[in-house]
Amino acid sequence: MTDSSAGPAQDPDAQTVHTLDSVVAALVAGEGDLSDDQFRVLSDLGPGDAARFHDALAGLDPPARFALLNALVERERAGRLLDFSAIYRTALRDDDPGVRALVVAGLATCEDAGVIPVLLDAARSDGDETVRAEACIALGPFALRAELGRLRPAAGAAVVDGLRDIAEDASEDPAVRAAAVAGLGAVAEPWVQDLIYDAYESADPAMRVGALQAMGRTADDYWLPTLINAMESADSDERYSAARGAGEIASEDAVIPLAALLADDALDVVEAAAAALGEIGGPTAVEQLEEYGSHPDPAVRAAIEAGLQAAAFTDDPLGLATMGGPFAPPLGGTQPAPASPADG
C-alpha cells in the first residue's frame with residue numbers, strides 16, 4: 001500500500017542553484033551538455049569571471065572547447081536574451097584558430113562599441129586568415145552604424161579606416177580583403193565605389209564575391225545592372241551574393257532575374273533568390289514565388305514558403321489585411337468618397 005502522506009516525489013534537481021564554480025566543475029568533470037540554468041550563469045560575466053571560465057576551458061581539448069562555445073553562440077543567436085560576449089573576448093586568446101574564428105563570429109552580433117578595438121586587432125594581426133576575415137565581417141555592422149551616425153565619430157573612423165587599410169593591402173589574403181570590402185559597402189564615400197569596382201574586376205573569385213556583397217549594402221540601384229549580370233555567373237557563390245545584394249537594394253527591376261534563380265541547381269542560391277523576392281515584395285514577386293510552391297524538393301518548397309511569408313510582411317507590415325472593423329483596408333483598394341450634404 002502506498003503511503004500518500006509522503007506527498008509528491010521531489011525532483012532532485014529542482015532546488016539546485018548553479019554558480020560559476022559549479023558550472024566550471026561540471027565542465028572539468030566532462031559534463032559538456034549544460035542545462036538552461038547553467039547557460040544563464042555564463043551570461044553577462046564580468047572580465048574576471050570570464051577569465052576564470054577561460055582558464056577552465058583550457059583543460060578541455062579543442063573539439064570540446066569548440067562544441068561548448070558553439071552552443072553558446074547558437075543559444076545567443078536563438079534570441080534567448082543571453083550575452084556571452086565577455087567569454088568570446090577571452091576566448092580570442094585560444095590556441096585553436098577554429099575556436100577563435102567561432103568566437104569572433106559570435107561577437108558579430110554584439111552592439112557594444114567596446115568590442116571594436118578587439119575586432120580590429122583580430123582583423124589586423126591574428127595569425128589565421130579565417131579569423132581575420134571573420135573579424136572584418138563582424139566590423140561591417142559597425143561601419144553601417146558609423147554611416148548612420150549611430151557611433152561616436154572616433155570609433156566610426158577607426159572602423160572605416162581599419163577596414164580600408166585591410167581592403168587595400170595587396171599582401172593580405174584575398175578572402176580577408178574581400179570581407180573588408182563587403183563591410184565597407186554601407187559607407188557612402190567616393191573611394192568606396194572605386195574600391196568595389198577594383199574588387200569586382202579582380203581575377204580572384206573571393207574578391208568578386210566581396211564586391212557583390214558590398215554592392216548590395218550600398219542600397220543603391222546604381223549597382224543593380226551589375227548584380228543582375230552576376231546572376232548568370234558560372235560561379236554559384238557569385239550568383240548567391242548577387243541575389244542577396246539585389247534583395248538588399250529591393251528594386252522591382254530585379255524580380256524577373258531573381259525568379260530565374262528559383263530554378264538554380266544550388267539550393268543556397270534558390271534560398272537567396274526566394275528571400276530577395278520576399279524582401280522586394282509586390283504582386284509580381286509573389287506570383288513568381290507561387291509558381292514554385294509545388295516544387296518536388298521539400299527544401300525548395302521551404303525556401304519558397306519563407307519568401308512568401310517575407311513578401312506578405314513586406315507588403316503589409318502592420319497586418320492590416322487581416323484586420324476587420326473600421327481599421328480594415330477597403331476591398332477595392334481605395335477609400336470611399338465622403339458623403340456630401342446632398343446625399344442626405
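Residues numbered from 1 in each chain as written. Predicted model: local features only at pLDDT ≥ 70, side-chain atom pairs only at ≥ 80, totals over all residues. Heavy atoms only, no water.

Okay, the pattern of salt bridges next. Under the defined criterion, the tally for this structure stands at eleven salt bridges. For Arg65, the salt bridge goes to Asp94, with nearest N and O atoms at 2.7 Å. With Arg65 in helix H4 (residues 62-77) and Asp94 in the loop between helix H5 (85-91) and helix H6 (97-107), this pair connects stretches of sequence that are 29 residues apart. Its relative accessible area of 8% is what places Arg65 among the buried residues. Put simply, Arg164 and Glu168 hold a salt bridge, and the shortest N to O gap is 3.1 Å. Here the salt bridges share partners, and the residues they tie into one network are Asp21, Asp49 and Arg52. (Salt bridge = Lys/Arg side-chain N within 4 Å of Asp/Glu carboxyl O. Helix = DSSP H or I, 4+ residues; strand = E, 2+ residues; numbered from the N terminus. Buried < 20%, exposed > 50% of the residue type's maximum accessible area, 1.4 Å probe, protein only.)

Bringing the confidence of the model for the chain into the picture now. Looking at the chain as a whole, the pLDDT averages 88, with 87% of positions reaching at least 70. This model gives residues 1-5 a pLDDT under 50, and the stretch forms zero contacts once residues within four places in sequence are excluded. Predicted confidence is poor over residues 331-344, with pLDDT under 50, and the contacts of this stretch with residues over four places away or in other chains come to one contact. (pLDDT = per-residue confidence, 0-100. Contact = heavy atoms within 4.5 Å.)

The next point concerns the nonpolar core. A general tendency of soluble globular proteins is for nonpolar side chains to be buried together. The biggest cluster of nonpolar side chains holds 97 residues, and the ones touching the most others in it are Leu42, Phe53, Leu69 and Leu258. Excluding anything up to four places from it in sequence, Phe53 contacts Leu20, Val24, Leu27, Leu42, Leu45, Leu68 and Ile87. (Core = buried A, V, L, I, M, F, W, Y, C linked by side-chain atoms within 4.5 Å.)

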